[in-house]
Amino acid sequence: MDHHHHHHHLPPPPPRSPMENSASSKPPTPASTPSSRLAAAPSSRVSSAAPHPSPSSSAPTPASRTVYSDRFIPSRAGSNLALFDLAPSPSHHDAAAAAASPGAPPPSGSTPASSPYCALLRAALFGPTTPDRVASSASACSSSSSAGASPVGSPATGNIFRFKAEVPRNAKRALFSDGDDEGVLFPGVFTTRGTGPRKIPRSPYKVLDAPALQDDFYLNLVDWSSHNILAVGLGNCVYLWNACSSKVTKLCDLGVDDNVCSVGWAQRGTHLAVGTNQGKVQVWDATRCKRIRTMESHRMRVGALAWNSSLLSSGSRDKSILHHDIRAQDDYISRLAGHKSEVCGLKWSYDNRQLASGGNDNRLYVWNQHSAHPVLKYTEHTAAVKAIAWSPHLHGLLASGGGTADRCIRFWNTTTNMHLNCVDTGSQVCNLVWSKNVNELVSTHGYSQNQIIVWRYPTMSKLATLTGHTYRVLYLAISPDGQTIVTGAGDETLRFWNVFPSPKSQSSDSLSSIGATSFVRSYIR
């Protein structure tokens, strides 16, 4: 279990206005610099090493005096063409001789991968072979060539490469396709997304000061609204930072006897819920900076909040989850009991039909809209489950991350009740969020590497590892356009990273035109 770690009481920092651009906004020097210097050092000695004598040049060269020149003119006499496997061995005797010569690889026939690879390479470079040339190209790749065929690269043709008129323009690109096309390794046509993996900047483009941002695993103190407003809980106050104008507004002050434990924006982005240390849940109208109502049914702190249109769910240290309807008179309309310890993660699915909750009891539960008991119970995690994220791309796909003793991100299909995958990240998982624009997700981590990882789904290959926070990266939110994430930590900084591409750069089918237009409208407004 991830027990609450009290951090040492340091002397108070000099007074700073919250969320001003930090002096430390210049990108931090990467920790890897010394090791990269060390790695580069041996290369300086490479020039002093004598070149290996080539196997074919047995006699010493007659000219022993050094000729200085600005050009290097290679000598074919000293080349070992057997290394390139260009022509098949005409006889077994030659093959044996080639294998015996030092530095030469075994004949191509003994390498099972060489023949298909050769064929693919040839197809990629020269396009489809016409029937009358099939024999010659096949013989060039197999050591058992028929005597009549004239293989490419053999002395009979004189040329290593023969160029053909019928090469389609996209054939030469097929070899380098990124393989994203549903497992097709060599699709003929290249995808529009560009040649290589996306470049993700390794340092934040903005760093904001967040004085007194708590280093507490169970709190959720940062959220980004659909109107591009960042809400941050600092001590007993909530501040709003406008991402368009960089203007900071103090929304509320809970007074000296209470602290902010969670903040959560409603989908439309005008109402902000605030969970407090005393167990209160307040709802604020951010446009007018007015408190609409206060619900006081929890007995202990409220560290997790999740909206479902006008329904607000709150998770508390008192182990319960309450559903509040902000249109109804009652404090809450239902109580969900099931967790044996503090509820620290809470997320509604995109269709608002399922609520996932994670607890300090290492449990991940899934509830229906009207169920008083969990409909699915997952007990595989071995530490507190704070990180929870529903996929915006696949209905019922849920990701969850475990704390220090667990370190794993697990994937679940809640429709079929299946455990799909488990990835050990090597560090405590504090947060997860999916990209809306591409099938990727971000995780943030605590002990011991305090890193941020961008993953491609479903391969779970790492696209980037971002470092810079000096404390556990406990807070994470994603911008309304889905391109930027903000991370917060006990080092009292908020860091903004560009990690995902824009929706426009994706193929048109990944974002429906209706979704795209409504997104643009809500972003500009």
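Please read all numbers here as calculations on a predicted model, not as lab measurements. (Residues numbered from 1 in each chain as written. Predicted model: local features only at pLDDT ≥ 70, side-chain atom pairs only at ≥ 80, totals over all residues. Heavy atoms only, no water.)

**Some remarks on the overall build of the protein**
Stage number 1. From N to C terminus, the protein includes six helices and 28 strands.
Stage number 2. By the burial criterion, 43% of the 525 residues in the protein qualify as buried.
Stage number 3. Summarising the internal contacts of the protein: among those between residues at least 6 apart in sequence, 49% fall at separations of at least 24.
Stage number 4. On the protein, roughly 28000 Å² of surface is accessible, and the fraction owed to carbon and sulfur atoms is 57%. (Helix = DSSP H or I, 4+ residues; strand = E, 2+ residues; numbered from the N terminus. Buried < 20%, exposed > 50% of the residue type's maximum accessible area, 1.4 Å probe, protein only. Contact = heavy atoms within 4.5 Å. Areas by Shrake-Rupley, 256 points an atom, 1.4 Å probe, with all protein chains shown as cover.)

**Comments concerning the pairing of strand E4 (residues 237-242)**
Stage number 1. A large share of E4 lies buried, amounting to five of its six residues.
Stage number 2. Bridge count for strand E3 (residues 229-234) against E4 is six bridges, and the pairing is antiparallel. Counterpart to Val-232 in the pairing with E4 is Tyr-239.
Stage number 3. Hairpin geometry of E3 and E4 is characterised by an intervening segment of two residues between the two adjacent antiparallel strands and by a positive phi of about 65 degrees at Gly-235.
Stage number 4. As paired strands, E4 and strand E5 (residues 248-253) are joined by five bridges and run antiparallel to one another. Its bridge partner lying in E5, Trp-241 is registered against Val-248.
Stage number 5. Hairpin connection between E4 and E5: a loop of five residues separates the two successive antiparallel strands, and Ser-246 in this loop has a positive phi of roughly 60 degrees. (Pairing = 2+ DSSP bridges.)

**Description of the confidence of the model for the protein**
Stage number 1. Here the protein averages 76 in pLDDT, and 63% of its residues register 70 or above.
Stage number 2. Note on residues 89-113: pLDDT is under 50 here. Beyond four places in sequence and across chains, it has 18 contacts. (pLDDT = per-residue confidence, 0-100.)

**Remarks on the pairing of strand E21 (residues 418-424)**
Stage number 1. As paired strands, strand E20 (residues 408-413) and E21 are joined by six bridges and run antiparallel to one another. Paired with Arg-410 across the bridge in E21 is Cys-422.
Stage number 2. The hairpin turn running from E20 into E21, its antiparallel successor, is four residues long, and Asn-417 in that turn takes a positive phi close to 55 degrees.

**Structural notes on the nonpolar core**
Nonpolar side chains tend to gather and get buried jointly when the protein is soluble and globular.
Stage number 1. If you look at the biggest cluster of nonpolar residues, it comprises 40 residues, and the most contacted ones within it are Leu-230, Val-238, Leu-240, Leu-272 and Leu-494.
Stage number 2. With near-sequence residues (within four places) excluded, Leu-240 lies in contact with Ile-229, Leu-230, Ala-231, Lys-247, Val-248, Thr-249, Leu-251, Trp-265, Leu-272 and Ala-286.
Stage number 3. Listed in part, the 16 residues of the second largest apolar core include Ile-200, Val-454, Leu-466 and Ile-485. (Core = buried A, V, L, I, M, F, W, Y, C linked by side-chain atoms within 4.5 Å.)

**Some details on the UniProt feature "repeat: WD" (unreviewed entry) in the protein**
Stage number 1. UniProt's entry tags residues 253-294, 336-377 and 466-499 with the feature "repeat: WD" (unreviewed entry), counted in the numbering of this structure.
Stage number 2. Annotated as 0% helix and 50% strand, the span residues 466-499 places its first and last C-alpha atoms 10 Å apart. (UniProt positions renumbered as here; feature names shortened; annotations may be inferred.)

**Examining the sheet that holds strand E11 (residues 311-316)**
Stage number 1. Ordered in space as E10-E11-E12-E13, the four strands form an open sheet in which the pairing is antiparallel. Edge positions in the sheet fall to strand E10 (302-308) and strand E13 (334-336), since each has one partner strand and no second. Between one strand axis and the next, the sheet turns through 20 degrees on average, direction left out of account.
Stage number 2. As paired elements, E11 and strand E12 (residues 321-325) share five bridges and run antiparallel to each other. Looking at the pairing, Gly-315 lines up with Ile-321 of E12. (Axes fitted to C-alpha atoms, helices over the stretch in contact; angles between N-to-C directions.)

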